[in-house]
Amino acid sequence: MGYTSQDDLINQITTNGKRTRLEMFKTTAPVHTAGGWHMLAGLGGYPNAATFPGATTGNADLVFQSCWETSGDGVNIIGPQHGGNPGGSATKHALNVGALVVAAAGAPWQLKLVDLQGYYRLSTTNVTGTSSRTLNNGGTFTADSGTDIITYTGDFTTYTKVQFSNSGGALPGGLSAATDYYLVRQSATTAKVAASLSDAIAGTTIDITSNGTGTNTMTVQMRSASGVGCEACFVVQTAPTGGGPNLTASDYTNTAGTSGRAFQGSPSNGAAADAYATRIIHSGNATGRYGPFLPRQGADTGIARINSFTWSGGTAYTGSGVIALCIVKPILDIVVPVTGMYSERDLVNQLMSMPKIDDGACLQWLMFGTGATTTASPVNTTLDIGWGG
Amino acid sequence: MAGFKSFADLAKAQDEGRVYSGHFSKTAGASASNVWQWIDLSMGTGNPMAQYYAASPLEAAALVGRRGIYHGDDKTPYKKFLTGISLTATSANMIGKYLLADYLLFYPFIDGTSLDEQQMVNDVTLPRYASEGGKVIAVATAVLTANAYFDMRYINQDGVERSTGYVNRLAGPSAIGNVANASVALASGSFPYLSLYGGDTGVRSISSITLQAAPGGLIAFAIIKPLQMAQFLDTNNTTEKQFPFGMPVTPEILDGAYLNFLASTAATSGGLIVTGRLDFAWSK
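Residues numbered from 1 in each chain as written. Chains lettered and ligands numbered in written order. Predicted model: local features only at pLDDT ≥ 70, side-chain atom pairs only at ≥ 80, totals over all residues. Heavy atoms only, no water.

Caption draft 1: Spotlight on the overall build of chain B. In terms of regular secondary structure, chain B is built from 2 helices and 16 strands. Its C-alpha atoms give chain B a radius of gyration of 19 Å, near enough to 19 Å, the size a compact globule of 284 residues would have. Overall size of chain B, expressed as C-alpha extent along the three principal axes, is 60 × 45 × 30 Å. Taking all 284 residues of chain B together, the buried fraction comes to 57%. Relative to all contacts within chain B whose residues are 6 or more apart in sequence, the contacts with residues 24 or more apart total 82%. For chain B, the computed accessible surface area is about 10200 Å², with 53% contributed by carbon and sulfur atoms. Charged side chains in chain B number 20 positive and 22 negative. The centres of these two groups are separated by 6 Å. (Helix = DSSP H or I, 4+ residues; strand = E, 2+ residues; numbered from the N terminus. Rg over C-alpha atoms; globule rule 2.2 N^0.38 Å. Buried < 20%, exposed > 50% of the residue type's maximum accessible area, 1.4 Å probe, protein only. Contact = heavy atoms within 4.5 Å. Areas by Shrake-Rupley, 256 points an atom, 1.4 Å probe, with all protein chains shown as cover. Lys, Arg positive; Asp, Glu negative; His and termini not counted. Charge placed at Lys NZ, Arg CZ, Asp CG, Glu CD.)

Rendered as structure tokens:
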């Protein structure tokens with residue numbers, strides 16, 4: 001629950017101190033070409049990150065990697081810490097936002113705060129190939145009641161939110177269908193299961209009382225229930241050497257659980273000059289570009305998961321690029337009209353107002369530069385958050 | 001299908017993912033005159049890509065909605081509304097008024113050197129607002145060098161054929177991308193539409209154009225649906241309008257709408273950029 005009234009908001013902030021202020025900064029790199037969107041996760045500053053997504057031996061391609069406030073991308077803490085979960089029925093909301101960019105060129109800038117739900121890492125032939133890539137959103141699993149461990153294919157990060165289902169038998173004892181659970185990773189193919197995010201953080205896991213029968217399936221879930229409000233974008237970690245294919249086919253599941261939904265318009269990807277680290281690769285001033293997000297189909301209100309995609313047409317990428325297919329939930333926008341100006345937006349007295357910050361949100365900034373933004377430019381942002389309940 | 005019934009109903013759109021923001025960044029073409037010349041930003045480079053009214057000469061054609069300022073895929077049976085406009089520019093020349101419009105239909109390559117009655121081909125009809133029609137603008141797609149009155153025969157909102165008479169004038173010089181009938185010399189500060197036969201409120205199609213003199217160049221006539229106006233006032237600030245507080249009445253955005261701006265700027269705009277965002281929400 002947020003606030004019951006303006007009076008409640010004032011009381012919670014002033015009497016109960018239920019507020020926090022985040023200050024973040026990033027230093028841009030490299031030069032941003034004009035008209036492109038960028039995810040600043042991998043830039044130096046605060047929170048600091050050398051690359052996004054971070055390299056890890058367990059981070060296999062095509063496997064959904066859930067991102068969280070306290071665990072980042074599974075390698076680096078990439079989002080600001082916003083104070084954990086308020087507890088009970090209380091919900092956190094953004095109340096005020098500010099932004100400042102100092103750069104010799106590139107103004108005006110548009111900044112968009114998103115909650116990075118997670119990503120699918122792409123490298124080698126998953127970047128350069130032209131066939132369909134099938135993404136791993138869970139799959140079948142087995143359970144061991146002796147160890148309380150489930151085993152599956154794919155290395156999912158700790159805190160990955162999942163649901164279980166069964167056909168031809170019964171789920172392992174202690175697990176229920178259509179219920180949110182959180183993985184506590186044990187190895188590249190195993191995890192214990194927690195009943196809530198708080199339990200997962202505390203290391204409190206479920207006692208699995210039987211191994212179950214039939215076929216058990218695990219499916220990843222977005223932090224935003226059913227993926228409501230979620231969008232998708234491709235973000236470069238390491239630039240391909242050359243090429244620039246089109247997204248000619250895709251399959252995602254929408255918030256109603258309907259699969260076979262497709263991103264529209266065959267978005268084109270940037271060639272090498274527009275494919276540097278942090279760039280949202282299908283944004284920019286060229287034919288077929290959509291930024292910052294891939295166009296969802298019809299009246300879809302979000303993305304529950306992405307099942308597959310195909311890059312073909314155009315020119316296939318070459319080289320050893322690394323790209324993340326990200327699922328994000330947009331939260332708010334703010335514009336910085338000129339260098340050195342601190343822009344501020346009151347998020348209370350407007351519609352849409354006080355956007356919710358989900359528990360465990362991995363907050364990231366997307367940045368659009370009208371012109372080519374000079375490298376090594378500081379981007380400073382502030383965010384006031386409050387909660388009621 | 002209903003729109004939004006209350007503030008709470010509108011606010012729920014955010015929580016339920018029924019919102020979308022379309023970002024744009026457009027470089028204006030040159031304007032032949034200085035103060036308050038109307039220019040067609042759809043012909044400006046940037047994002048969305050420029051469109052050049054390219055189709056078969058004199059044949060009605062429609063623009064693809066996805067290639068304008070993107071507002072999301074079709075939402076039928078739900079209704080989509082504009083809930084916010086944000087504009088920023090870094091040059092004082094770009095101060096002025098920005099008219100957001102749905103570009104419905106256009107007739108390209110009207111010959112500026114011909115005094116013949118140039119007959120239009122109307123195999124393609126209005127894709128939206130088919131009965132009420134829209135307003136008409138005349139955009140220079142090749143430089144016009146002289147003034148010229150012209151007569152336009154058209155089908156009005158009631159399906160009746162009318163003629164404007166020689167009351168509208170193309171201004172020379174008009175640079176590429178200028179709204180040639182709305183030069184500062186002709187209609188300073190006014191809206192950029194052609195005058196119609198008395199009492200008419202909309203144009204469903206254009207039947208012919210007859211130039212009284214030869215302005216040179218090439219002209220595209222476009223039928224547009226004006227949606228919302230925003231003013232950009234200060235280079236050190238962003239102009240924003242939000243429904244319902246600063247924008248009590250908001251237009252519905254129809255499926256397939258090709259959205260872009262006409263701009264009337266304080267000074268010559270060539271090579272200058274306006275960037276911004278349109279916010280949308282749809283009902284359920």
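Caption draft 2: Here's a closer look at the overall build of chain A. In terms of regular secondary structure, chain A is built from 3 helices and 21 strands. Taking 389 residues into account, the globule formula puts the C-alpha radius of gyration at 21 Å, and chain A, at 21 Å, falls close to it. Counting only C-alpha atoms, chain A reaches 65 × 60 × 35 Å along its principal axes. Within the span of chain A, comprising 389 residues, buried residues form 59% of the whole. Excluding contacts between residues fewer than 6 apart, the proportion of contacts in chain A whose partners are at least 24 apart in sequence is 79%. Summed over its atoms, the accessible surface of chain A is roughly 12700 Å², and 51% of this surface lies on carbon and sulfur atoms. Across chain A, 20 positive and 23 negative side-chain charges occur, with their mean positions spaced 5 Å apart.

Caption draft 3: Inspection of the interface of chain A and chain B at higher detail. On the chain B side, the residues contacting the 37 residues of chain A number 42 residues. Together chain A and chain B conceal approximately 3000 Å² of surface at their shared face, both sides included; 57% is due to carbon and sulfur atoms. Of all residues in chain A, A:Gln110, A:Leu351 and A:Met352 bury the most surface against chain B, accounting for 22% of the area lost on that side. At the boundary of chain A with chain B, the tally comes to 2 salt bridges. We note a salt bridge from A:Arg345 to B:Glu240, for which the minimum N-O separation is 2.8 Å. The interface formed by chain A and chain B contains 9 residue pairs in polar contact (both at pLDDT 80 or more). (Buried area = accessible area lost by both parts, 1.4 Å probe. Salt bridge = Lys/Arg side-chain N within 4 Å of Asp/Glu carboxyl O. Polar contact = N/O pair within 3.5 Å; in protein donor to acceptor, adjacent residues only side chain to side chain.)

Caption draft 4: Main features of the environment of B:Ser208. All names here are of chain B. Looking at where Ser 208 falls in the secondary structure, it is placed in strand β11 (residues 203–211). Measuring from C-alpha to C-alpha, the distance between Ser 208 and Val 64 comes to 24 Å, with 144 residues separating the pair along the chain. Excluding residues that lie within four positions of it along the chain, Ser 208 makes contacts with Glu 117, Gln 118, Gln 119, Met 120, Asp 151, Met 152 and Arg 153. For Ser 208, the side chain forms a polar contact with the side chain of Glu 117, separated by 2.7 Å.

Caption draft 5: Main features of unusual backbone geometry. Residue and element names in this part refer to chain A. The residue after Ala 29, namely Pro 30, is reached through a cis peptide bond having omega -10°. With respect to the helices and strands, Pro 30 occurs in the loop between β1 (19–27) and β2 (37–39). Phi is positive for Asp 148, which is not a glycine, with a value near 65°. Despite not being glycine, Ala 376 shows a phi value in the positive range, around 60°. Looking at the secondary structure, you find Ala 376 in the loop between β20 (363–369) and β21 (378–387). Looking at Ala 376, the relative accessible area reads 53%, which means it is exposed.

Caption draft 6: Just the packing of aromatic side chains, in detail. Counted according to the given criterion, the structure contains 22 aromatic pairs over all chains. With 4.8 Å between their ring centres and 25° between their planes, A:Tyr252 and A:Phe263 make a pair best called stacked. Taken together, the residues A:Tyr252 in strand β15 (residues 242–253) and A:Phe263 in the loop between β15 and β16 (305–318) connect sequence positions 11 residues apart. One exposure class covers both A:Tyr252 and A:Phe263, and it is buried. Considering the side-chain rings of B:Phe24 and B:Phe261, the 5.2 Å spacing of their centres and the 45° angle between planes classify their relative orientation as tilted. Pair noted here: B:Phe24 is in strand β1 (residues 19–27) and B:Phe261 is in strand β15 (residues 259–265), with a separation of 237 residues, a long-range link. Three or more aromatic residues joined by ring pairs form one cluster here, namely A:Phe234, A:Phe309, A:Trp311 and A:Tyr317. For the cation-ring pair, B:Lys225 lies above B:Tyr129, with the distance from its terminal atom to the ring centre recorded as 5.0 Å. (Phe/Tyr/Trp six-rings, centres within 6.5 Å; stacked < 30°, edge-to-face > 60°. Lys NZ or Arg CZ within 6 Å of the ring centre and 35° of its normal.)

Caption draft 7: Here's a closer look at the side chain of A:Gln264. Along the chain, A:Gln264 falls in the loop between β15 and β16. Owing to a relative accessible area of 17%, A:Gln264 belongs among the buried residues under this scheme. Within the structure, A:Gln264 has its side chain in polar contact with the backbone oxygen of A:Ala262 (distance 2.8 Å). Contacts of A:Gln264, omitting those with residues within four sequence positions, involve A:Tyr290, A:Pro295, A:Arg296, A:Gln297, B:Arg66, B:Tyr70 and B:Asp73.

Caption draft 8: Layout of helix α1 (residues 7–15) of chain B. Residue and element names in this part refer to chain B. Among all positions of α1, only Asp 9, Leu 10 and Ala 13 are buried. Taken around the axis of α1, the buried residues stretch over an arc of 100°, which confines them to a single face. Exposed and facing more than 90 degrees away from the buried side of α1 are Phe 7 and Asp 15. In this fold, the buried residues of α1 make contact with β1, β4 (80–89) and β16 (273–282). Residue Gly 17 follows α1 closely and has a positive phi angle near 75°. (Arc of directions from axis to C-beta.)

Caption draft 9: Structural context of the sheet that holds strand β7 (residues 135–142) of chain B. All names here are of chain B. Strand order in the open sheet formed by 5 strands is β2-β15-β5-β12-β7, with antiparallel pairing between adjacent strands. On the outer flanks of this sheet lie β2 (38–40) and β7, each paired with one strand and no other. Each strand of the sheet is rotated relative to its neighbour by a mean of 45°, with strand direction disregarded. The sheet contact formed by strand β5 (residues 96–111) and β15 spans 7 bridges and is antiparallel. Within β15, the position partnered with Leu 99 by the bridge is Leu 262. (Pairing = 2+ DSSP bridges. Axes fitted to C-alpha atoms, helices over the stretch in contact; angles between N-to-C directions.)

Caption draft 10: Representation of the sheet that holds strand β8 (residues 138–144) of chain A. Residues and elements named next belong to chain A. Ordered by their spatial adjacency, 6 strands build a closed barrel running β8-β9-β12-β11-β10-β13, and the pairing between neighbours is antiparallel. Strand-to-strand twist in this sheet, taken as the mean axis angle between neighbours without regard to direction, amounts to 45°. Across 2 bridges, the pairing between strand β10 (residues 161–167) and strand β11 (residues 181–187) is antiparallel. Paired with Lys 161 across the strands is Tyr 182, a residue of β11.

Caption draft 11: Main features of helix α1 (residues 6–14) of chain A. Residues and elements named next belong to chain A. Of all the positions in α1, only Asp 8, Leu 9 and Gln 12 are classed as buried. Projected down its long axis, α1 carries its buried residues within an arc of 100°, all on one side. Opposite the buried face of α1, at more than 90 degrees from it, the exposed residues are Asp 7 and Thr 14. Along its buried surface, α1 packs onto β5 (92–101) and β21. The opening residue of α1, the one whose side-chain oxygen lies 3.3 Å from the backbone nitrogen of Asp 7, is Ser 5.

Caption draft 12: Up close: the pattern of salt bridges. Residues and elements named next belong to chain A. As enumerated under the stated definition, the model contains 24 salt bridges over all chains in all. Residue Asp 384 is joined to Arg 21 by a salt bridge in which the shortest nitrogen-to-oxygen separation is 2.9 Å. With a gap of 363 residues between them, Asp 384 in strand β21 and Arg 21 in strand β1 connect regions that are remote in the sequence. Arg 21 sits in the partly exposed class, given a relative accessible area of 41%. Here Lys 356 and Asp 358 are joined by a salt bridge, their closest N and O atoms 2.6 Å apart.

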